[in-house]
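Single-letter residue listing:
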Amino acid sequence: MMKDTQSRIYLSPPHMSGFEQEYISEAFTSNWIAPLGPNVDAFEKEIAEYVGVSGAVALSSGTAAIHLALRLLGVANGDRVFCSSLTFIGSVSPILYQGAEPVFIDSEPENWNMSAAALEQAFIWAGRDDKLPKAVVIVDLYGQSADYDRLLSICNYYGVPVIEDAAEAMGASYKGKPCGTMGKYGIFSFNGNKIITTSGGGILISNDIAALEKSRFLATQARDPAPYYQHSEIGYNYRMSNILAGIGRGQLKVLQERVNARRKIFELYYNELKDIEGVSFMPEAEYGTANRWLTVMNLDQEYCKVRPGKIMDALERENIESRPVWKPMHLQPLFAGCRYFPHDYKYSVSDLLFNTGLCLPSGSSLTTVQQQRVIYSIKNVLSKFR
Ligand SMILES: *Cc1c(COP(=O)(O)O)cnc(C)c1O
């Protein structure tokens, strides 16, 4: 047995509730092992009810959900799509699957999400050569809602639909409205590291029932209604299996507890580290409640000479996992040559956050003893660099 002082502390590991097994057993007993089945139907209904939308389609990943949303909006070869730059690749690769051109939008310093100023600039640019985007993908970063009143008013002015990538923001809200429900389509991810998980999976949500029906068709190999296998358009094998939906049902029961736990973890990091010169955290905007999926520490370069990478290495030596902030998409080799609109012509917020931010272990199963070990290690490294 390894002592707790040595066991590995992960960034955001899966955290089972104990309810999952029941639903999985049910699936086994009734032999609903084939994809689809009663757990899938129930999971979709439960999620739709939870966030208050008309319907949901459970899928194999959050990335698949974004891909289907783009398909439903008619995004095709040569089209433009605007997207938050500070995000995970899953927000963006579906734009490439459709042969479309991503245009990246910076964050704003107040909430780290899509900058209204940069979005405005991008629309002005796109309007000038008469090629508006077919969609705007807005990400709710690290479990915090973007500022939708401002962003939607711009998108609505230009008549461009929004896909809300709430992969990290399930259980968070904006002005009392659940994240995921702000645009024409919303998506959640149930990947193993997210606030609740099906080991792998995602879901597409909307109030447009006809569109969701179409997405079900596309996600099930686009089979025409015929006695034989007939196909008139390209489809995908994107549906979630009945077993995994069972895990999701067990997880959904404890979502609010998971949000509370992650918020509590943030509070402890904040209280223990906030007084160190140069240390700050992702701010929580007044307009909403974040789920604090990951606690992100920020190191002001003026006051704190140590780079996040150094802290990451030091934590690794203590068997603690941490991660840099997402490397912005406009800095990725894959997207060299793509257009990028910074928050301000003088500086790019996402570049700065990438250079100064570090994601700390934030899993809802993290014990206080483990978290104190992380805090102690961080204090220790920081003290050596001043
Ligand atoms: C995890 C994630 C995705 C992709 O979800 P998968 O289920 O892993 O495909 C998309 N966007 C963001 C912001 C994510 O964090």
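About the criteria used
Residues numbered from 1 in each chain as written. Predicted model: local features only at pLDDT ≥ 70, side-chain atom pairs only at ≥ 80, totals over all residues. Heavy atoms only, no water. Axes fitted to C-alpha atoms, helices over the stretch in contact; angles between N-to-C directions. Helix = DSSP H or I, 4+ residues; strand = E, 2+ residues; numbered from the N terminus. Left-handed = near helix turned anticlockwise from the far one by under 90°. Contact = heavy atoms within 4.5 Å. Nonpolar A, V, L, I, M, F, W, Y, C, P; charged D, E, K, R; others polar. Patch = residues over 30% accessible without salt bridge, like charges linked within 9 Å, V, L, I, M, F, W, Y side chains within 5 Å. Areas by Shrake-Rupley, 256 points an atom, 1.4 Å probe, with all protein chains shown as cover. Salt bridge = Lys/Arg side-chain N within 4 Å of Asp/Glu carboxyl O. Buried < 20%, exposed > 50% of the residue type's maximum accessible area, 1.4 Å probe, protein only. Domains from an automatic or database assignment. Buried area = accessible area lost by both parts, 1.4 Å probe. Polar contact = N/O pair within 3.5 Å; in protein donor to acceptor, adjacent residues only side chain to side chain. Pairing = 2+ DSSP bridges.

(A) The packing of helix 9 (residues 255-273) against helix 12 (residues 368-384), seen in detail. Taken N-terminus to C-terminus, the directions of helix 9 and helix 12 make an angle of 35°; their axes are 11 Å apart at the nearest point. Once helix 9 is placed against helix 12, the crossing between them reads as right-handed. Residues I265, L268, Y269, E272 and L273 of helix 9 pack against T368, Q371, Q372, V374, I375, I378 and K379 of helix 12. Its residues assigned to classes, the contact of helix 9 with helix 12 comprises seven nonpolar, three polar and two charged.

(B) Inspection of a nonpolar patch on the surface at higher detail. Taken together, the side chains of F88, I89, L96 and L334 present a nonpolar region at the surface, about 330 Å² in accessible area. In this fold, L334 is placed in the loop between strand 13 (323-324) and strand 14 (340-341). Residue classification places L334 among the exposed positions, given a relative accessible area of 55%.

(C) Highlighting the domain arrangement of the protein chain. Annotation of the protein chain at the domain level lists domain 1 (20-252) and domain 2 (255-383). Once you take the C-alpha centre of each, domain 1 and domain 2 turn out to be 25 Å apart. Listed per partner, the contact involves 46 residues of domain 1 and 41 residues of domain 2. Its largest share of buried area at the contact with domain 2, domain 1 owes to W112, Y142 and I195, together 23% of the area lost on that side. Our enumeration of links across domain 1 and domain 2 arrives at zero salt bridges. Applying the counting criterion to the domain 1 and domain 2 interface returns 25 residue pairs in polar contact (both at pLDDT 80 or more). Looking at the side of domain 1 that touches domain 2, the elements with two or more residues in it are strand 3 (101-105), helix 5 (116-128), strand 6 (173-174) and helix 8 (242-252). At five residues, the largest contribution of residues to the side of domain 1 that touches domain 2 is made by helix 5. Along the lines of polarity and charge, the residues of the side of domain 1 that touches domain 2 split into 26 nonpolar, 13 polar and seven charged.

(D) Layout of the sheet that holds strand 12 (residues 295-299). One open sheet accounts for four strands, arranged 10-12-15-13; its pairing is antiparallel. For this open sheet the edge positions go to strand 10 (279-281) and strand 13, each flanked by a neighbour on one side alone. Bridging between strand 10 and strand 12 involves three bridges; their strand directions are antiparallel. The residue bridging S280 from the neighbouring strand is N298, located in strand 12. Running over the sheet, helix 9 touches strand 10, strand 12 and strand 15 (357-360) and is turned about 160° from strand 10. The strands touched by helix 10 (residues 308-317) within the sheet are strand 12, strand 13 and strand 15, with strand 15 carrying the most contacts at an inclination of about 25°.

(E) Molecular detail of the pairing of strand 4 (residues 135-139). Burial runs high along strand 4: five of the five residues are buried. Judged by which residues are buried, strand 4 turns out to be covered on both faces: A135, V137 and V139 on one side and V136 and I138 on the other are all buried. Direction of pairing for strand 2 (residues 80-84) relative to strand 4: parallel, over a ladder of three bridges. Paired with F82 across the two strands is V136, which belongs to strand 4. Both strand 4 and strand 5 (residues 162-165) contribute to a ladder of four bridges, which runs parallel. Bridge pairing in strand 5 places I138 opposite E164.

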